[in-house]
Structure formats: structure tokens, C-alpha cells
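Notes for the structure review
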Amino acid sequence: MANKDQRKFDTKVQYLQYKVLREVARGAMNDDLLDRITDIPKTIIPGNVPTMRCCVYKERAIIAERVKLAMGGDRTNPNVIEVIEIACDDCPTGGYEVTNACRGCLAHRCEDVCRRNAISFDHQQKAHIDKTLCVECGQCAKVCPYSAIVSRRRPCENSCKVKAISMNEGKAASIDNSKCIACGACVYQCPFGAIIDKSFILDVIDMMKKSRDNTAYKMYAVVAPSIASQFTYAKLGQVVTGIQRLGFFSVVEAALGADMVAYKEAEELHEKGFLTSSCCPAFVDYIKKQFPDLAGHISENLSPMATIAKYIKETSSPCKVVFIGPCTAKKMEFQKPEVAPYIDSVITFEELQALFDAADIDITSLPEGVLDNASYFGRIFARSGGITDAVGQAVKEHGFEDFDYNPITCDGIEACRTALLKASRGVLPHNFIEGMACVNGCIGGAGCLTHGDKNKAEVDAYGRLAMEKTISDAIGIYGLATASPEAKSAPEPQE
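Throughout what follows, the structure given in this document is the object of discussion.

Calculation rules
- Residues numbered from 1 in each chain as written.
- Predicted model: local features only at pLDDT ≥ 70, side-chain atom pairs only at ≥ 80, totals over all residues.
- Heavy atoms only, no water.
- Pairing = 2+ DSSP bridges.
- Helix = DSSP H or I, 4+ residues; strand = E, 2+ residues; numbered from the N terminus.
- Contact = heavy atoms within 4.5 Å.
- Axes fitted to C-alpha atoms, helices over the stretch in contact; angles between N-to-C directions.
- Buried < 20%, exposed > 50% of the residue type's maximum accessible area, 1.4 Å probe, protein only.
- Right-handed = clockwise from strand over helix to strand, strands pointing away.
- Expected span 1.5 Å × (residues − 1).
- Phe/Tyr/Trp six-rings, centres within 6.5 Å; stacked < 30°, edge-to-face > 60°.
- Lys NZ or Arg CZ within 6 Å of the ring centre and 35° of its normal.
- Parallel < 35°, antiparallel > 145°, perpendicular 65-115°, else oblique.
- Left-handed = near helix turned anticlockwise from the far one by under 90°.

With that settled, the discussion passes to the sheet that holds strand E15 (residues 432-436). For sheets, the rule is that strands pair by backbone hydrogen bonds, running either parallel or antiparallel. Pairing is parallel across the open sheet formed by three strands, whose spatial order is E11-E15-E14. Looking at the sheet topology across the chains shown, the edges are occupied by strand E11 (275-276) and strand E14 (407-411). The sheet contact formed by E14 and E15 spans five bridges and is parallel. Paired with Thr409 across the bridge in E15 is Glu434. On top of the sheet, helix H18 (residues 413-424) reaches E14 and E15; it is set at about 150° to E15, its chief contact.

Now the structure itself:
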């Protein structure tokens, strides 16, 4: 039976990575990380009996590579997603193959549908695929009445909808940075944990140390609204208190930034007539890399994360702002020139859990803090369809009665591709594209502790708890709708 720490995560891979992050964070907090580094593999893999690989020595060698990524990874590689080649193991690489389920039928639909003449038959009429001719289109698999043709592609390849992953000469996964959008789908789907996102947890700990008692500067945590569906073993208010116990001066909802974005995006859409959302950095990157002709239609607004952080920086300096959420692509976004002045670092929910445990903070024993900075509509940005609903509400609140709001919600990159293809050809009937790279939206992000359909209901329920029922109410509290940034201060800690 899994221990209580392991039950906080969906998979054992996530749990293993969490343990590495926890030990690295503990060493950094205690100022003895350099002394701990060589012992971490033995701490996580004690004894001499292998539990996951062929031998304990390989297991520890892989842990050592995980430690490097937990400490920031390869700084010369601009991508936040990296491959641990020694951990990339035992996945078939054959592409589409004919299995024993082939009955040698008379129809030969697989042969008829293949445009490359890659399918032939032996003396028993069993199908065979010529790999020198096959282009992996998958049409043969779709028409086989026995489902006898299957894809043997690796999980990372199957999960990568932008085709950024291939195999190198050593048969390990290789990421094409020119295609990768850092969505993290491969990170979550790799069953060996060979693909992971590099961590900036040491940078966050360093900032926490330098801001002891918030005297040098104040530390603000901007939390993604999807936090409502995470840390299911505790209450959300306890999570808020736990973040403050780590040394943060205040915990602010990124959902308030979402309210601001929705309000402005409705104005921009009304003015321009056609728009794609700017909230998901992976979706924005996808447009720029795969549909550059549509880049001019991306909303000019910063993401909710950057929008609320910009407001905090302009009203509460000196301060540091750390975003906490489910998204690996945010680790790329905060380094962009237009965002870097406002966000100092990004960590995922997995990394937040590691920080809690490294600091010996049991959040279940804490009193409940309050997180109430946003409206219902800002909070539901966390799930697919939330941006669509919020912008629609903002259109109403602006009084744009003459505007026909006709959005399309794209749940995952494949749905985004379909809508963008139609838009590029001028045949999309919609005037607003909500693009979310992760299936189900942010609640499906690679950095989530838990994934699943139940998370949508939890986010909606959390949204309904908002004190402010309209977007105008939420942003009006801080003078965001009418006042200059200097007119109000950043949200104070909630008691």
C-alpha cells in the first residue's frame, strides 16, 4: 500500500521526482546542499536491492541526473524540458506494426487505404508493413476491422502533438527545441520519468532567505486558480497559510490577473473583430512556431500571471514575485523579455509540496488563511472553457450590445490546430479562439499533483465561493478598472 506522501501524487514517477526535489530543497534550506548531493541517491535508493531498474547502481546514477535537474539543469539549454538519456529505457520504437490479431482477411482494407504501397501479404494472407515505405500516417490502423495494426510509438512521441520528439542514435528521446512548446505532456506521460522539467526551486529558496521577515523586500506568491483542485488531503486555506509560513508576505490569486485580462481582452476583441487568447504560453508559442501568419491576432495582453505580477511590481516595490501553478510552459514564459521584469521565478505544485516537506510544514495542522482576490470568472480560467465564459461576461459588462461574440473553445493542441488551420484559410466561423495546450486546460498541466475530470468540478465550486460575482467588482476593488497602477497598493495578506 502506498504511503501517505505517495498518495499525494498520481504516479510513482511524480513521487520519485518529488523526493529528489524535497532532498535538494532541504539541503538548500539547511545550507548543506553541497555536502548532501552525493548522498541523495543513496537516501532515495537505500540498500543494495534494485527496485525499478536492472541494478541499484543505475538507479542511483539516474537519481544523480535528477538532482542536477532539480538544481536547474543544463543552463546552456534554453528549453525547460530535458531528457535524462540514461533513464530513457525499454520503449518500443517500431512505429505501426501488424500484430498476431491479423486474420488474413479478404477485404485487405489496409492495403487499399495505404497511399505508399507499404503493405504486402505473405502466403497466409497476413499483412506486413515495409518500414522503408511507411510514413506512419496510421490510416491502415484506422480501417483494420480486427484492430490488428497498432502504433508502437513511444509514450513521449504519442503525447507530443507538435512532433518535437524523435529518437537519437542511441535510441533515447531527443527534443527539437524549434518545435517544442514546453507544454510538459511528455513529462507527465513518460512512464520512466526520463523527461522532466528543470527546476528553479533553488532560486526561490535563495530569494526566501534574502527576504527574511520581508525586510529586504516582500515576497509575493501568485497562485494559479487550479490550486483549488490540488492538495486534496488538506483545505485550500491551509495551503495558503503554508505558503505564508514558507516566508511569503502575501498570497495573491492569478485569477485576479485573469479578471483584468478578460476585461481588457473583451475591449481588444471588440476593436479588432478577431482574436486568439494569450493566457496559455504553450498555445501562444504554438501559434508563433506553427502559424506565424496568425501571430498578429494573438491578444496583446500579458497572461494573467504576468498581468497581476506587473501590478504588484508597480505598486509594492521592492518585492519579488513567484508564480505557483501546474504549468511547465510558465517556466519558459517568465524568462521572456516582456515578462521577466515582473516574475522572478516559477515553481509547480509538485515543487511547492517539496518545499512544504523540506521545511517540515504539515499544512493539515495549520489554520485556514483566506484567498479572496478574484471573481468567479477569473477563477474558472483554470479549466477549458473558462476563458471563453470570462470574456463573454466581460463583453456584457462593457455593454458591447452591438458585438456578436462567437467563440470556440480548444481543449488541447489537436483542437487548437484544427481551429487555427481554419482561421489561416479564412474559413473559421468564430471570432475568438480560446487555446489551451493541455487537455482540460490548466487542471491538466504537467505540474499538477492530481489530474482528472473531477478537478473541473472543484474549480467551478471554488469559483462560486468568490465574494465578487462580476469581473468589474473584482478589479474595481483595487481601482484596476479606472485608476492608474499607483492609485492602489497590491493586495495585502488576507487574515
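So, on to the sheet that holds strand E13 (residues 345-348). Taken in spatial order, the four strands line up as E10-E9-E12-E13 in an open sheet, and their pairing is parallel. The open sheet has two free edges, formed respectively by strand E10 (250-253) and E13, since each of these has just one partner strand. When the angles between neighbouring strand axes are averaged without regard to direction, this sheet yields 25°. With four bridges joining them, strand E9 (residues 218-223) and E10 adopt parallel strand pairing. Opposite Val223, over in E10, you have Glu253 as the bridge partner. Running over the sheet, helix H9 (residues 201-210) touches E9, strand E12 (319-325) and E13 and is turned about 115° from E13. Helix-sheet contacts for helix H15 (residues 349-358) involve E12 and E13, and the interaxial angle to E13 is about 85°.

This part takes up the pairing of E10. Looking along a regular strand, one sees the side chains alternate between the two faces of the sheet. A two-sided burial pattern is seen for E10, the buried positions comprising Ser250 and Val252 on one face and Val251 and Glu253 on the other. Following the chain from E9 across helix H10 (residues 236-245) to the adjacent parallel E10, one finds a crossover that is right-handed.

This part covers helix H13 (residues 304-316). Relative to the 18 Å expected for 13 residues at 1.5 Å per residue, H13 spans 18 Å between its end C-alpha atoms, a close match to the ideal helical length. Of all 13 residues in H13, 10 are buried; the element is thus mostly enclosed. Among all positions of H13, only Pro304, Met305, Ala306, Thr307, Ile308, Ala309, Tyr311, Ile312, Lys313 and Ser316 are buried.

Next up on the list: the environment of Lys264. Mapping Lys264 onto the fold places it in helix H11 (residues 254-272). With 37 residues separating them in the primary sequence, Lys264 and Asn301 have C-alpha atoms 7.4 Å apart.

Glancing now at the packing of aromatic side chains. Scanning all chains against the criterion turns up 10 aromatic pairs. Seen from their ring centres, Phe200 and Phe334 are 5.4 Å apart, and the 80° between their planes marks the pair as edge-to-face. With a gap of 134 residues between them, Phe200 in the loop between strand E8 (195-197) and H9 and Phe334 in the loop between helix H14 (330-333) and E13 connect regions that are remote in the sequence. Between Tyr405 and Phe432 the ring centres are 6.1 Å apart and the planes differ by 45°, which places this aromatic pair in the tilted class. A residue pair is termed long-range when its members are at least 10 positions apart, and Tyr405 in the loop between helix H17 (386-398) and E14 and Phe432 in strand E15 qualify at 27 residues. Across this residue pair, the class does not change: Tyr405 and Phe432 are buried. A connected cluster of aromatic rings, assembled from ring pairs, spans Phe9, Tyr15 and Tyr18. One cation-aromatic arrangement involves Lys330 over Phe323; the distance from NZ or CZ to the ring centre is 5.7 Å. Over the aromatic face of Tyr462 sits the side chain of Arg379, whose NZ or CZ is 3.8 Å from the ring centroid.

Our focus in this paragraph is the packing of helix H1 (residues 12-29) against H15. Contact geometry of H1 with H15 gives a least axis separation of 8 Å together with a crossing angle of 50°. Relative to H15, the element H1 is oriented oblique. Of the two elements, H1 crosses H15, and the hand of that crossing is right-handed. On H15, the residues touching Gln14, Tyr18, Leu21, Arg22, Ala25, Arg26 and Met29 of H1 are Glu350, Glu351, Gln353, Ala354, Leu355, Asp357 and Ala358.

Attention now moves to unusual backbone geometry. Put simply, Ser317 and Pro318 share a cis peptide bond, and its omega is 0°. The phi dihedral of Asp31 is positive, around 60°, even though this residue is not glycine. Take Asp31: it is sitting in the loop between H1 and helix H2 (33-36). Assessed through its relative accessible area of 63%, Asp31 is described here as exposed. Positive phi outside glycine occurs at Gln125, with the angle close to 65°. The topology assignment puts Gln125 in the loop between strand E3 (119-121) and strand E4 (127-129). Under the relative-accessibility criterion, Gln125 is labelled partly exposed at 33%.

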